[in-house]
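Per-entry structural report
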Amino acid sequence: MAELREETPLFYEQSLDRWFVTRHAEVRACLRDRRLGRNFRHVGGEEEFAAAESLDPRRQAFWDTERWSVLWLEPPEHTRIRKLVAAAFTPRSVEALRKASAQLAQELLPDGRFDLLRDYAQPYSIAVICRLLGVPTDRARDLLDWSHAMVKMYELDTTEAQAEAATQAAGQFRDYVLSLAEQRRREPRNDLVTRLIETSVDGRRLSDPELVSTIIVLLNAGHEATVNTLGNGVLALLKHPEQWQRLVSGEVEPAAAVEELIRWDPPLQLFERWVLEDGVELAGQPVPRGAKVALLFGSANRDRRLFADPDAFDVGRSNAAEHIGFGGGIHVCIGAPLARIELEAALRALVERAPGLSLVEEPRRNRAFVIWGLEALDVSR
């Protein structure tokens, strides 16, 4: 990544039929450029757009759950649905989870030797999301399994077996959300599912397909990112014991350190856009309409043009929050405030209750690239 970033801000990779953007300023500009979009089907067909594949009808259950996701929509549909979600997913409702997140982070921290991902980060993250949505925690295992299967569809090399598993998971997740929505219509509660059902903007509410896509993306995106940030970040801290000690001693607050965890080893490495118009130039180079552009978040977050000594892991870095961990533009992560609350609470619990945390064995990366994380992280208190 460093070699590519220094050589060029933009390059075309023929084998993947994509343009890759490597530097922070250019990635940020692409995120805000309305000539680029997350979807192209409102302006043209598959024959016009590079790297586009027909939607395999065998995967219809998966495509149905993605159809109304704010991650994929463009205005005006994106504007309408994001307004509805924002009206239900309010700053007050997020802030109300701060105390619950801190309590869960303390209660769920295991003793002795444990896998930080499986035994702590996953059950903690899913418990917070369940609390927010109003989902019974006895379905946590199902939610985890569905999420893990579905996000494999975002990789560059999804296999047929993974696509089939994602399709089955999507169908089961859809059926569960619809049954939960029906329960909330009969018996409303003070939770996000109820608010998403009842909220209206300009006289319109979320339809059932829109509700399914919204709840699934809130859970999948939020859960996967939080778990992988904790895994990647705690590994970085244990590999840099002097930085861990800055947290233990109180020199650096967990909330500040979270930003450097995201910058240094982000859970999302790549985010894509389509070029929707003619005459577009990126980083001074013409990029044709129909091209697919891949924004390399991990590379951008190590750009020396913004971050001094960018390969150094520094939990007290003054401008770490300028990372591109939560995207930007109209598709900036709507769950970023909650993610920060969750991550701060989990990191604080580890610092306060496990100051002697140590790495038991060298972890292995998982085989994914886009959703970037570890297979496991065995640690001991």
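All chains use their own residue numbering, which begins from 1 and follows the written sequence. Totals for whole chains, interfaces and linings use every residue, but because this is a predicted model, local features are given only for residues with pLDDT of at least 70 and side-chain atom pairs only at 80 or more, for both listing and counting. Here the side-chain values reflect all heavy atoms present in the structure, with hydrogen atoms and water set aside.

**Quick notes on the sheet that holds strand β5 (residues 270–275)**
Pairing between strands is defined by DSSP: at least two bridges between the two strands are required. In this text, helices come from DSSP runs of H or I with a minimum length of four residues, and strands from runs of E with a minimum of two, each type numbered from the N-terminal end. The strand order β1-β2-β8-β5-β3 describes an open sheet built from 5 strands, whose pairing is mixed. Edge positions in the sheet fall to β1 (10–13) and β3 (36–37), since each has one partner strand and no second. Alignment of strand β2 (residues 18–21) against strand β8 (residues 292–296), held across 3 bridges, turns out to be parallel. Residue pairing in the sheet places W19 in a bridge with V293 of β8.

**Brief notes about the packing of aromatic side chains**
Think of it this way: a Phe, Tyr or Trp ring, Trp meaning its six-membered ring, pairs with another when their centres are within 6.5 Å, and the plane angle makes it stacked under 30 degrees, edge-to-face over 60, tilted otherwise. As enumerated under the stated definition, the model contains 13 aromatic pairs in all. With a centroid separation of 6.3 Å and 50° between ring planes, the pair formed by W72 and Y154 is classed as tilted. Of this pair, W72 sits in the loop between α3 (60–66) and α4 (77–88) while Y154 is found in the loop between α8 (140–150) and α9 (160–186), placing the two residues 82 residues apart along the sequence. The exposure class assigned to Y154 is partly exposed, which follows from its relative accessible area of 23%. With centroids separated by 6.1 Å and ring planes inclined at 75°, the aromatic side chains of F369 and W372 adopt a geometry described as edge-to-face. For the exposure calls, accessible area comes from a 1.4 Å probe over protein chains only, and a residue counts as buried if that area is under 20% of its type's maximum, exposed if over 50%, partly exposed in between. In this structure W372 comes out as partly exposed when scored by relative accessible area, which is 21%.

**Let's talk about the environment of A345**
Within the element layout of this structure, A345 appears in helix α15 (residues 336–353). For A345, a relative accessible area of 11% puts it in the buried group. Residues A345 and A87, 258 residues apart in the sequence, show an inter-C-alpha distance of 25 Å. Whether two residues are in contact is decided by their heavy atoms, any of which lying within 4.5 Å being enough. Excluding residues within four positions of it along the chain, A345 makes contact with S101, A102, A105 and Y124.

**Considerations on the sheet that holds strand β9 (residues 358–359)**
The antiparallel open sheet is built from 3 strands, whose spatial order is β4-β10-β9. Each edge of the sheet is formed by a strand with only one pairing partner; in this case those strands are β4 (113–115) and β9. Relative to strand β10 (residues 378–380), β4 is paired through 3 bridges, and the arrangement is antiparallel. Directly across from F114, in β10, lies its bridge partner V379. Fitted lines through C-alpha atoms serve as axes, helices being fitted only where they are in contact, and the angles separating the N-to-C directions of these axes extend from 0 to 180 degrees. Packed on one face of the sheet, helix α7 (residues 116–133) meets β4 and β10 and runs near 65° to β4.

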